[in-house]
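These are the residues of each chain, in order.
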Amino acid sequence: MKTIIRSTMRLLCRNKGFWFFLIITPILSTLVLSIRQDTVTMYETVGEMEIHELSEPTDRVAYFGGKGKYVVKVYDACESDLSEYFLKKLTESGAILVCRVKAPDMTKNDMDERLKTDGFNDRMGSSIYIGKDFDSEALSGDMKDGLIVYTLSDDERKDLLAGEIKLVIGQIKTAGAQAGGNKDGVLSILTKMNDALPKKEVQVFAAADSVNLTNEQREQKGLMGYAFAILTLGYVFVGIFVAHTAINERKDMVATRIRLTNLSDAGYFAGKIIVGVIVSAALTVVMAGCSFFISTDKLGMSRLGFIVMIFLLGVIFSTISLFIGVLLGNVMSANIAAFAVWSMSAMLAGLYFPLDSSSDAIKALSYIMPQKWFLRGTELAMVKDGSAILLLLGVTAAYLVVTLSLGSIGIKLKKNE
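Residues numbered from 1 in each chain as written. Predicted model: local features only at pLDDT ≥ 70, side-chain atom pairs only at ≥ 80, totals over all residues. Heavy atoms only, no water.

(A) Structural view of the packing of aromatic side chains. According to the stated counting rule, one finds seven aromatic pairs in the structure shown. Between Phe86 and Phe134, the aromatic rings sit 5.5 Å apart at their centres with planes inclined by 55°, giving tilted as the arrangement. Note that Phe86 is positioned in helix 3 (residues 81-91) and Phe134 in helix 5 (residues 134-140), a separation of 48 residues in sequence. Phe134 matches Phe86 in its accessibility class, with the two residues each being buried. (Phe/Tyr/Trp six-rings, centres within 6.5 Å; stacked < 30°, edge-to-face > 60°. Helix = DSSP H or I, 4+ residues; strand = E, 2+ residues; numbered from the N terminus. Buried < 20%, exposed > 50% of the residue type's maximum accessible area, 1.4 Å probe, protein only.)

(B) A look at the environment of Leu304. As for its position among the elements, Leu304 is in helix 12 (residues 303-328). On the basis of relative accessibility, which here comes to 61%, the residue Leu304 falls in the exposed class. As for Leu304 and Ala288, which are separated by 16 residues in sequence, their C-alpha atoms are 8.7 Å apart.

(C) Seen up close, the packing of helix 12 against helix 13 (residues 331-348). Where helix 12 meets helix 13, the closest approach of the two axes is 9 Å, and the angle between their N-to-C directions is 145°. The two elements helix 12 and helix 13 meet at a crossing, and its hand is right-handed. Here Phe317, Ile324, Gly325 and Leu328 of helix 12 lie close against helix 13, whose contacting residues are Ser333, Ala334, Ala337, Val341 and Ser345. In terms of residue class, the contact of helix 12 with helix 13 is made up of six nonpolar, three polar and no charged. (Axes fitted to C-alpha atoms, helices over the stretch in contact; angles between N-to-C directions. Left-handed = near helix turned anticlockwise from the far one by under 90°. Contact = heavy atoms within 4.5 Å. Nonpolar A, V, L, I, M, F, W, Y, C, P; charged D, E, K, R; others polar.)

(D) Highlighting the pattern of salt bridges. For the structure on display, the rule yields 11 salt bridges. Lys108 is paired through a salt bridge with Asp112; the nearest N and O atoms lie 3.2 Å apart. One end of the pair is Lys108 and the other is Asp112, both in helix 4 (residues 108-121) and four residues apart, which spans about a single turn. Given a relative accessible area of 35%, Lys108 falls into the partly exposed group. For the salt bridge of Glu379 with Lys221, the shortest nitrogen-to-oxygen distance reads 2.4 Å. Taken as a pair, Glu379 in helix 15 (residues 370-382) and Lys221 in helix 8 (residues 215-251) lie far apart in primary sequence, 158 residues in all. Overall, the relative accessible area of 10% leaves Glu379 in the buried class. Connected through salt bridges with shared partners, the residues Glu53, Asp76, Glu84 and Arg100 form a single ionic network. (Salt bridge = Lys/Arg side-chain N within 4 Å of Asp/Glu carboxyl O.)

(E) Quick peek at helix 1 (residues 2-13). Between the first and last C-alpha of helix 1 there are 17 Å, a value that for 12 residues agrees with the 16 Å anticipated at 1.5 Å per step. All of the buried residues along helix 1 are Ile4, Ile5, Thr8 and Leu12. Taken down its axis, helix 1 places every buried residue within 95° of arc, on the same side. Turned more than 90 degrees away from the buried face of helix 1, the exposed residues are Lys2 and Thr3. (Expected span 1.5 Å × (residues − 1). Arc of directions from axis to C-beta.)

(F) Quick peek at the pairing of strand 2 (residues 70-76). Extensive coverage of strand 2 is indicated by the burial of seven of its seven residues. Burial of strand 2 is two-sided: the residues Tyr70, Val72, Val74 and Asp76 facing one way and the residues Val71, Lys73 and Tyr75 facing the other way are all buried. Across seven bridges, strand 2 lies against strand 3 (residues 96-102) in parallel orientation. If you follow Asp76 over to strand 3, its bridge partner there is Lys102. Regarding topology, helix 3 serves as the crossover connection from strand 2 to the parallel strand 3, and that connection is right-handed. (Pairing = 2+ DSSP bridges. Right-handed = clockwise from strand over helix to strand, strands pointing away.)

Shown next as structure tokens:
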């Protein structure tokens, strides 16, 4: 068996593709983990009551729809203090997500033309146009062209939006009457009115099967999902390169000569599995070295815990790809199958985007994917839950048992053929 391990390692070291995945995937993962967290917006933020600023009128708001709030896209052509106050009060309701783009040159006709895109190529509850006359019309309480609301969905929360708009405009009108039309005085009165109201305190409770993460931890979890996807690609292909050696040895009759040494098939494949674990450890070591360029605050967990986590994930996928390659018995088919395993498992596990709004069937499939459980372990590690390592060890053992059992059966059937 030692000879099998040494010869396989020598063949791998001569393979340029092996070195590519061994070095490049940890570097790419490090770059992903070092990204500034606020660039990841798809994961739900907790207790957030802020206006989301958009750069261009063409920016889409469909990506914010998974947060459970009524999404409103606002074209602000006024950009006054009162329009700012109006939008902030909408967000403070807790049920409305305001995405605002500042468009000082936009007219009502431009807005009507823009609706063709918002209505068919984007996804939102309502769209609001705030015109140049917003301040004067809000102070008088007679809204005409200064504020126009376009309903773009059948969501019943449109009535909630209408009620909030009526309430805020009423407050501005009342403050305007008290200030005698002085805008500076209006803002001062509105501030005093808000100070007199009871303070809102947001408390977040985690469900029985979930973990209560902060906004920063949710962003870190999103980045960790991307890093897992890249690392999984590396582990899958270093495992498939080990399978290439077994495929070529079978074709070149090397495997037949090995059997003449009284080494059993189980011993032969055990040697290949050990090589798979070794190369997984090698990739993990490279990633561990790269991780020192990232602070533990960015990782959201201890460095040792992160290294152990990715090593266990690597052992699972290198073993799976090894057996897939051996069973297929063809280098090209093994490469295609490895890529399919990587891409489908990463997507169904929710590494690229959350699956909270997906169907029950998709959610059930996601629990079959190893990465789903490692994301769960990431959440537990971020909140310093000691059960994270036990969960990951149990998941790793379970997948190895299933993989080795199914793989041994498949190898026997392949041998009989």
